[in-house]
Amino acid sequence: MKEEDWVVAIPKLGPVIAIDGPAGTGKSTATRQLADALGFVHIDTGALYRAVALLSRKSPQIATQEEAEVAASLAGRVHLEFRRNPEKNPANRIFADGQDLTDQIRTPEVTMASSRISALPAVRAALLGLQRRLGCRGRAILEGRDIGTVIFPDADVKFFLSASVDERAKRRLIELEATGVDAPTFEEVKAQIVERDRGDSSRAVAPLKKAGDAIEVDTSQMTLDEVVQMMVQTVRKRLWQK
Ligand code: DC
């Protein structure tokens, strides 16, 4: 049985929207706003990979074992879930074995580690069923790299967001500066983006690629509002005005 066939064996009970694309395309913010506009649940699948990466780095086993081995065994046993807490920002929190990791998963170290461990077939396999279960009740928007190709090949609407590397680096730098961390230079941010794209697109299992039936949106010259409006209209037309 192919991976895709196994996945769709968990039936989808309502509409699912897949949003894929590389970092810095405005994907996360646009997805959050689209979910709010439609009253859908937003599932940030990158947070799952980030949580596994963070826990691997913190694991005492990392002193004696390879990162790949630690991450693979951890991904198979940790209980990951999203819980909403409207009093916090972001409201959608990622928990691992009952512990809220949300505020720790966005550091540059975890970002690079999550890209590395997401290339491991054992890690992807461990997170595959979970992602399908999280979205299968419907009225869900899943955001990631392989949602339209692997996790929900049967998604009702698929978007693939793209933007030029320079534009993405510019946006990432603004984001980093806003968080108050010691901001790197534009060239450093750009080099990191190129490195992460290379890793995400060239891995053997579920590489970042546009699904054949996904709508590509180049956000380089678009405002966030324009991206969200375009997606809201497309979804409404596809789902409710057939
Ligand atoms: O979207 P993000 O930057 O939070 O994702 C972190 C890493 O996880 C990214 O380098 C690629 C990986 N990822 C993935 O391989 N598949 C997904 N569905 C989501 C994220």
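Read on for a plain summary of the structure.

### A word on the overall build of the protein
No. 1: When helices and strands are tallied, the protein shows 10 helices and eight strands.
No. 2: Relative to its length of 242 residues, the protein is compact, with a C-alpha radius of gyration of 17 Å against a globular reference of 18 Å.
No. 3: Its C-alpha atoms give the protein principal-axis dimensions of roughly 55 × 45 × 40 Å.
No. 4: Sorting the 242 residues of the protein into buried and exposed places 48% on the buried side.
No. 5: Across the protein, every contact between residues at least 6 apart in sequence was considered, and the portion connecting residues at least 24 apart equals 74%.
No. 6: Carbon and sulfur atoms provide 52% of the accessible area of the protein, an area that totals close to 12000 Å².

### What to know about the pattern of salt bridges
No. 1: Counted under the stated rule, the structure contains 17 salt bridges.
No. 2: Measuring nitrogen to oxygen at the nearest pair gives 2.8 Å for the salt bridge that ties Asp 156 to Lys 12. Taken together, the residues span a long stretch of sequence, with Asp 156 in the loop between helix H7 (147-151) and strand S7 (157-162) and Lys 12 in the loop between helix H1 (3-8) and strand S1 (16-20) at a distance of 144 residues.
No. 3: The partly exposed category is assigned to Lys 12, whose relative accessible area is 24%.

### Quick notes on the packing of aromatic side chains
No. 1: The tally for this structure, following the rule as stated, stands at one aromatic pair.
No. 2: Residues Phe 40 and Trp 240 carry aromatic rings whose centres are separated by 6.3 Å and whose planes lie at 90 degrees to one another, so their mutual orientation is edge-to-face. Of the two residues, Phe 40 sits in the loop between helix H2 (27-38) and strand S2 (41-44) while Trp 240 sits in helix H10 (residues 224-240), which places them 200 residues apart along the sequence.
No. 3: Residue class for Phe 40 comes out buried when judged on its relative accessible area of 7%.
No. 4: Here the guanidinium or amino end of Arg 83 rests over the ring plane of Phe 95, the centre of that ring lying 4.0 Å away.

### Description of the sheet that holds strand S8 (residues 215-218)
No. 1: Pairing in this open sheet of five strands is parallel, and the strands run S2-S6-S1-S7-S8 from one edge to the other. Each edge of the open sheet carries a strand with a single partner, namely S2 and S8. The mean angle between the axes of side-by-side strands here comes to 20 degrees, regardless of whether they run parallel or antiparallel.
No. 2: The sheet contacts of H2 involve S1, S2, strand S6 (140-144) and S7, and relative to S6 the element is tilted by about 180 degrees.

### Some remarks on helix H4 (residues 67-77)
Given 3.6 residues per helical turn, the α-helix brings residues three or four places apart onto the same face.
No. 1: Restricting attention to buried positions, one finds in H4 the residues Val 70, Ala 71, Leu 74 and Ala 75. When H4 is viewed along its axis, its buried side chains cluster within an angular range of 125 degrees and face the same direction. What points out from H4, more than 90 degrees from its buried face, is the exposed set Gly 76 and Arg 77.
No. 2: For H4, the elements touching its buried residues are helix H3 (46-58), helix H5 (108-117) and helix H6 (121-135).

### Concerning the environment of Ile 117
No. 1: Position of Ile 117 relative to the elements: it lies in helix H5.
No. 2: With 68 residues separating them in the primary sequence, Ile 117 and Tyr 49 have C-alpha atoms 7.5 Å apart.
No. 3: Each residue touching Ile 117, except ones within four places of it in the same chain, is listed here: Tyr 49, Val 52, Ala 53, Glu 67, Ala 71 and Val 123.

Parameters and conventions
Residues numbered from 1 in each chain as written. Predicted model: local features only at pLDDT ≥ 70, side-chain atom pairs only at ≥ 80, totals over all residues. Heavy atoms only, no water. Helix = DSSP H or I, 4+ residues; strand = E, 2+ residues; numbered from the N terminus. Rg over C-alpha atoms; globule rule 2.2 N^0.38 Å. Buried < 20%, exposed > 50% of the residue type's maximum accessible area, 1.4 Å probe, protein only. Contact = heavy atoms within 4.5 Å. Areas by Shrake-Rupley, 256 points an atom, 1.4 Å probe, with all protein chains shown as cover. Salt bridge = Lys/Arg side-chain N within 4 Å of Asp/Glu carboxyl O. Phe/Tyr/Trp six-rings, centres within 6.5 Å; stacked < 30°, edge-to-face > 60°. Lys NZ or Arg CZ within 6 Å of the ring centre and 35° of its normal. Pairing = 2+ DSSP bridges. Axes fitted to C-alpha atoms, helices over the stretch in contact; angles between N-to-C directions. Arc of directions from axis to C-beta.

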